[in-house]
Number of protein chains: 2
Amino acid sequence: MTRPAVTTAAPALDASFLDALRAAVGAAHVSIDDEQRRQYGMDALKKGRPADVVVHPGSPEEVSAVLAACSAHRVPVVPRGGGTGYTGGAVPTAGGVVLALDRLDRILEIDELNLLAVVECHVITGDLQRAVEAVGLFYPPDPASLATSTIGGNVAECAGGPRAFKYGVTKRYILGLEAVLASGEIIHTGGKSVKNVVGYDLTQLLTGSEGTLAVITKVIVRLIPLPPTQVTLRASFVDIGAAVAAVTNLIRARVIPSALELIDADSLEAVARQLETRALAPPGTGAILLLEVDGLEQAAREEARRVDQSCREAGATEVLVAHDQATRDELWRVRRALSTSLKVLAPLKINHDVVVPRGRVPELFALIARIRRDYRLLIPCFGHVGDGNIHVNMLLDPADEDMIARSHAAEQVLFEGVVALEGSISGEHGIGFSKLPFLHLELTPIEIDLLRRIKAAFDPLNILNPGKVFPPQTDGGAP
Amino acid sequence: MTRPAVTTAAPALDASFLDALRAAVGAAHVSIDDEQRRQYGMDALKKGRPADVVVHPGSPEEVSAVLAACSAHRVPVVPRGGGTGYTGGAVPTAGGVVLALDRLDRILEIDELNLLAVVECHVITGDLQRAVEAVGLFYPPDPASLATSTIGGNVAECAGGPRAFKYGVTKRYILGLEAVLASGEIIHTGGKSVKNVVGYDLTQLLTGSEGTLAVITKVIVRLIPLPPTQVTLRASFVDIGAAVAAVTNLIRARVIPSALELIDADSLEAVARQLETRALAPPGTGAILLLEVDGLEQAAREEARRVDQSCREAGATEVLVAHDQATRDELWRVRRALSTSLKVLAPLKINHDVVVPRGRVPELFALIARIRRDYRLLIPCFGHVGDGNIHVNMLLDPADEDMIARSHAAEQVLFEGVVALEGSISGEHGIGFSKLPFLHLELTPIEIDLLRRIKAAFDPLNILNPGKVFPPQTDGGAP
């Protein structure tokens, strides 16, 4: 049984290796200056180790040459998209090369007849969406980072977002990939057809593999017709239980909203403070739901009617309905302001993207209430309640050692709790290195060992983003 | 690099091995009688080799015990569902055990709130559909075999069907699996949430792996609300080109029908003969489209109107529209009668499920016309034109050696042609052993080698369905 060799530290970046990198991509695209090394050693997690060298390849062939050099010199290499990840997936843990893919940023083809687009990995997700919407098509996945995150990064992490409840996460829109193996070999997976059962589904295996199996350089994305009509609703409830009852009602009414976001009282208060308003919701509001339905006009109106009724039957104290873009934007303002509002409340915000089966969301909130009390922490929560994917935000002061210790204990209880509720410790952000200590709560040693063997099948030298997804072999447990 | 050991022949089924099987599942569930061995040595391909022994486990634990025994004795083991496959995936090529999963046939849970069902692998697909439709839910994948094929088999092959254009193939509806590795270890992948990015996506990797990586014993399927209204349309055209133009029109009109089936003139004639009617379509019809739209009533009616207009603008000579079930059934009759009608025309029908990007379907039909002429073969075609997935049926007489030789030459030209059209040699049926000689047309040696290494990561002894999906290691090319 082959296992990955453990690469624990970068070899000295000797002159011959740097020469090989310069030969691969041109000297102008190899950087060892401190500012770049630091910048590319950090993502949204705000923890990491500087790169030893940052390389910007300009083609799949140059990616191949860089990886061949890294293989020959046994140097770890970390592929990087927009650097917006929350779990350290795009930053080095053992030094080495950061492979910055920012030069591979072209939309190569938007094929209206075949309902697909072919893009290089570093196309910004929001840019792709605008480009296809201009011709009446739709790329649904909408991670909150879409203004700066890339399609390649979204594929590597299998990004989600509010629309996933109706439309599904990134993996459902990926038809094929061009990718470069650690050895430098270029492979193509899937293709331009929705149906393809020739060989194992490497497209789906690479999607969500966090840059540990191959470097994704090109993506064939599936598109669908752009729904012509959207209706947005915002409903206020006295507590989480009533909001979840509304969700239950609308599923019974057989409506799948294109967005279904829950915001709890703490989050709401933070936003109100930030926006300097007291009028976000009626007094006594303990939770709000933001809902959106879409489709042909008649269908969207009928679904909006059912949503309205489902909320009122669950005891909503207010239901606002918006048909035009300006009013829709106004209803979404509270959700859009959330992330920055929470950051004002504390110097450090740790966002845990736990997920439970939808029906167990009330149990998840009961668990969080216990954690708030037992560990004396401020934990505003919001998220994609349609998927059961709730962002649990621990607001912390890094200077307060006792608080940090309490937060670590609280994380453990949270993750054990979601697994006990048949949930998962990560719905969107991946494992990276920050969630490694908790992987064993969800996967058995046999399953983790299987992941390691798959890793070895792709990357026997363990040079590709080492120290991510699963713990190193040596200790067999926490990293 | 670990490679699968090559198991070329079953060891003698000695008494100690048979004792181990009887201990695993009970003597009543181990059969070595000729009739069962023959029956379980054949699928819809009608080629294969009898099993040495047929074992019927009654639980995942019994599957585990059988696999552990096979590992210990290095005996090949072939998992089998409904036996409806077209590529020999469920039949032994090297003797050994056929693992008949027919006792694992319970629907364990239909969870309306979480929009999912948990089923054992041998639940018949059509039975699951009826059970969930009874509570207003919908499991869309609809392979033609759904009255006899199983969910586990559908997952192993990633089955498609007419609805895949709008709703997607089997993989899009699989949330999680229980599976048994070749070593006997039981693993669980995914779960009850739509979002889960913990570890590699083994759920999707096992889906479509044709029983070569693990034995699937339990499946968590995702359900959606049952669309309340369906409208069926049947449009006649003078030739394939006009029918494809209608498809282009309706994609421009941003309609994605829930079914979009094309039937060519040869197929139509065969059905007319079988149904003893001349009134299937107007005189001079060269192709018909069967279309279905679904959704809320208002939306379905609007989409039906757009479909009707798209067909007329492409020159349809007749468009029939059916809103009620009886008339819809009548329109579908021609499609349902196709398979048996073709079988009457020749003793042997080889159904190739090639796929090309939708926009290249006219080029595919031009290729098929050339093949018909050059190789003097009867090749009626029909299929899922929305996906570009066309069933190319070669009607043959096995007693006519020259015809069989011509058909082999024609297959090669067909498969080379679809790959040149950016297509795939199999959209639904998989590789099994019958398409092994053509795998290298679509995948590079590097890609095939990667599949082998993944296989070795799961099944280092190569006991699990050996000789399927990719050629054995020894010759590195055709099997």
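Parameters at a glance
Residues numbered from 1 in each chain as written. Chains lettered and ligands numbered in written order. Predicted model: local features only at pLDDT ≥ 70, side-chain atom pairs only at ≥ 80, totals over all residues. Heavy atoms only, no water. Helix = DSSP H or I, 4+ residues; strand = E, 2+ residues; numbered from the N terminus. Rg over C-alpha atoms; globule rule 2.2 N^0.38 Å. Buried < 20%, exposed > 50% of the residue type's maximum accessible area, 1.4 Å probe, protein only. Contact = heavy atoms within 4.5 Å. Lys, Arg positive; Asp, Glu negative; His and termini not counted. Charge placed at Lys NZ, Arg CZ, Asp CG, Glu CD. Domains from an automatic or database assignment. Buried area = accessible area lost by both parts, 1.4 Å probe. Axes fitted to C-alpha atoms, helices over the stretch in contact; angles between N-to-C directions. Parallel < 35°, antiparallel > 145°, perpendicular 65-115°, else oblique. Left-handed = near helix turned anticlockwise from the far one by under 90°. Pairing = 2+ DSSP bridges. Salt bridge = Lys/Arg side-chain N within 4 Å of Asp/Glu carboxyl O. Core = buried A, V, L, I, M, F, W, Y, C linked by side-chain atoms within 4.5 Å. Least-squares fit on C-alpha atoms with pLDDT ≥ 70 in both. Polar contact = N/O pair within 3.5 Å; in protein donor to acceptor, adjacent residues only side chain to side chain. pLDDT = per-residue confidence, 0-100.

1. Details of the overall build of chain A
Scanning chain A for helices and strands turns up 16 helices and 18 strands. Against the globule reference of 23 Å for 479 residues, chain A gives a C-alpha radius of gyration of 23 Å, in line with a compact fold. Along the three orthogonal principal directions, the C-alpha set of chain A runs to about 70 × 60 × 40 Å. The buried share among the 479 residues of chain A stands at 62%. The long-range share in chain A, meaning contacts at least 24 apart out of those at least 6 apart in sequence, stands at 74%. Within chain A, the 57 negative side-chain charges are centred at a point lying 3 Å from the centre of the 47 positive side-chain charges.

2. Brief notes about the domain arrangement of chain A
Residues and elements named next belong to chain A. Taken domain by domain, chain A consists of domain 1 (15-100), domain 2 (229-340) and domain 3 (346-420). Just the C-alpha atoms count here: the centres of domain 2 and domain 3 sit 22 Å apart. On the side of domain 3, 16 residues touch domain 2, which itself brings 15 residues to the contact. Roughly 1,200 Å² of surface becomes buried between domain 2 and domain 3 when both sides are summed, with 64% attributable to carbon and sulfur atoms. Among the residues domain 2 hides against domain 3, the three largest losses belong to Val 244, Leu 262 and Asp 266. Together they make up 34% of the total.

3. Focus: the packing of helix α13 (residues 361-375) of chain B against helix α14 (residues 401-420) of chain B
All names here are of chain B. Closest axis-to-axis distance for the α13/α14 pair is 10 Å, and the angle between their directions is 160°. In terms of axis orientation, α13 runs roughly antiparallel to α14. The two elements α13 and α14 cross, and the hand of that crossing is right-handed. For the pair α13 and α14, the contacting residues are Leu 364, Leu 367, Ile 368, Ile 371 and Tyr 375 in the first and Arg 406, Ala 409, Ala 410, Val 413, Leu 414, Gly 417 and Val 418 in the second.

4. Examining the sheet that holds strand β9 (residues 186-190) of chain B
Residue and element names in this part refer to chain B. Pairing in this open sheet of 5 strands is antiparallel, and the strands run β5-β6-β10-β8-β9 from one edge to the other. If you trace the sheet from one side to the other, it starts and ends with β5 (107-111) and β9, each paired once. Averaged over all pairs of adjacent strands, the angle between their axes in this sheet comes to 10°, without regard to strand direction. In this fold helix α3 (residues 60-73) packs onto β8 (174-180), β9 and β10 (215-222), with an angle of close to 50° to the strand it touches most, β8.

5. So, the interface of chain B and chain A
Contact with chain B, which involves 82 residues of that partner, is made by 82 residues of chain A. Taking both partners together, chain B and chain A bury about 7,200 Å²; carbon and sulfur atoms supply 62% of that area. Interface area lost by chain B to chain A is led by Lys 195, Val 197 and Tyr 200 of chain B, which between them contribute 14%. Linking chain B with chain A are 10 salt bridges, by the criterion used here.

6. Overview of the nonpolar core
In globular proteins that are soluble, nonpolar side chains generally tend to be buried together. Residues Leu 414 of chain A together with Leu 414 of chain B are the most contacted members of the largest nonpolar core, which totals 194 residues. When near neighbours in sequence (up to four residues on either side) are disregarded, Leu 414 of chain A contacts His 352, Val 354, Leu 364, Leu 367, Ile 368, Ile 371, Val 392 and Met 394 of chain A.

7. Structural notes on the pattern of salt bridges
Enumeration according to the criterion identifies 64 salt bridges over all chains in this entry. The closest approach of N and O atoms between Lys 435 of chain A and Asp 353 of chain A, which form a salt bridge, is 2.9 Å. One end of the pair, Lys 435 of chain A, is in the loop between α14 (401-420) and α15 (439-442); the other, Asp 353 of chain A, is in strand β16 (residues 348-355), with 82 residues separating them in the sequence. With respect to burial, Lys 435 of chain A and Asp 353 of chain A carry one shared label: buried. Salt-bridge contacts for Glu 109 of chain B lead to Lys 192 of chain B; the nearest nitrogen and oxygen are separated by 3.2 Å. With Glu 109 of chain B in strand β5 and Lys 192 of chain B in the loop between β9 and α7 (202-206), this residue pair connects regions lying 83 residues apart in the sequence. We classify Lys 192 of chain B as buried; its relative accessible area is 15%.

8. Notes on the sheet that holds strand β12 (residues 229-237) of chain A
Residues and elements named next belong to chain A. With antiparallel pairing, 7 strands are arranged side by side in an open sheet as β15-β12-β14-β13-β17-β18-β16. Strand pairing shows two members of the sheet lacking a second neighbour, β15 (318-322) and β16, which therefore form its edges. For this sheet, the mean angle separating the axes of adjacent strands, direction not counted, is 15°. Each of β12, β13 (259-264) and β14 (287-295) touches helix α8 (residues 240-252); the most contacted strand, β14, lies at about 20° to it.

9. Looking at the relation of the copies chain B and chain A
Placing chain B over chain A gives an RMSD of 0.0 Å and needs a rotation angle of 180°, together with 0.0 Å of translation along the axis. In symmetry terms, the pair is related by a two-fold rotation axis.

10. Topic: the side chain of Asp 308 of chain A
Residues and elements named next belong to chain A. Summarising the element assignment, Asp 308 is placed in helix α10 (residues 297-313). On the basis of relative accessible area, Asp 308 is assigned to the buried category, the value being 17%. Reaching out from Asp 308, the side chain makes a polar contact with the side chain of Arg 312 at a distance of 2.6 Å. Residues contacting Asp 308, with those up to four places away along its chain left out, are Leu 233, Val 319 and Val 321.

11. A word on the confidence of the model for chain A
Residues and elements named next belong to chain A. Per-residue confidence for chain A averages 93 on the pLDDT scale, and 96% of its residues sit at or above 70. Counting interchain partners and residues more than four positions distant, the pLDDT-below-50 stretch residues 1-11 has 39 contacts. Reported for the predicted complex are a pTM of 0.95 and an ipTM of 0.94.

12. Overview of unusual backbone geometry
With a phi close to 70°, Val 469 of chain A is a non-glycine residue in the positive phi region. Mapped onto the fold, Val 469 of chain A is located in the segment after α16 (445-458). The buried category is assigned to Val 469 of chain A, whose relative accessible area is 1%. A positive phi angle, near 50°, is found at Cys 158 of chain B, a position not held by glycine. Summarising the element assignment, Cys 158 of chain B is placed in the loop between α5 (151-157) and α6 (164-167). A residue is classified by how much of its surface remains accessible, and Cys 158 of chain B, at 6% relative accessible area, is buried.

13. Some points on the pairing of strand β3 (residues 77-80) of chain B
All names here are of chain B. Side chains of β3 alternate between two faces, with Val 77 and Pro 79 and Val 78 and Arg 80 buried alike. In terms of strand pairing, β3 meets strand β4 (residues 97-100) through 4 bridges, oriented parallel. When the bridges of β4 are listed, Val 78 appears paired with Val 98.

14. Some remarks on the pairing of strand β5 (residues 107-111) of chain A
All names here are of chain A. Direction of pairing for β5 relative to strand β6 (residues 116-120): antiparallel, over a ladder of 4 bridges. Paired with Ile 110 across the bridge in β6 is Ala 117. Count of turn residues in the β5/β6 antiparallel hairpin: 4 residues, of which Leu 115 carries a positive phi of about 55°.

15. Some thoughts on the side chain of Asp 387 of chain A
If you trace the backbone, Asp 387 of chain A turns up in the loop between β17 (381-384) and β18 (389-396). At a separation of 3.3 Å, a polar atom in the side chain of Asp 387 of chain A contacts the main-chain amide nitrogen of Phe 165 of chain A. Once you skip the residues sitting within four places of it in the chain, Asp 387 of chain A turns out to touch Gly 161, Ala 164, Phe 165, Val 355 and Val 356 of chain A together with Val 194 and Lys 195 of chain B.

16. A word on the environment of Leu 414 of chain B
As for its placement among the helices and strands, Leu 414 of chain B is situated in helix α14. Sequence spacing of Leu 414 of chain B and Val 354 of chain B is 60 residues, and the spatial spacing of their C-alpha atoms is 8.6 Å.

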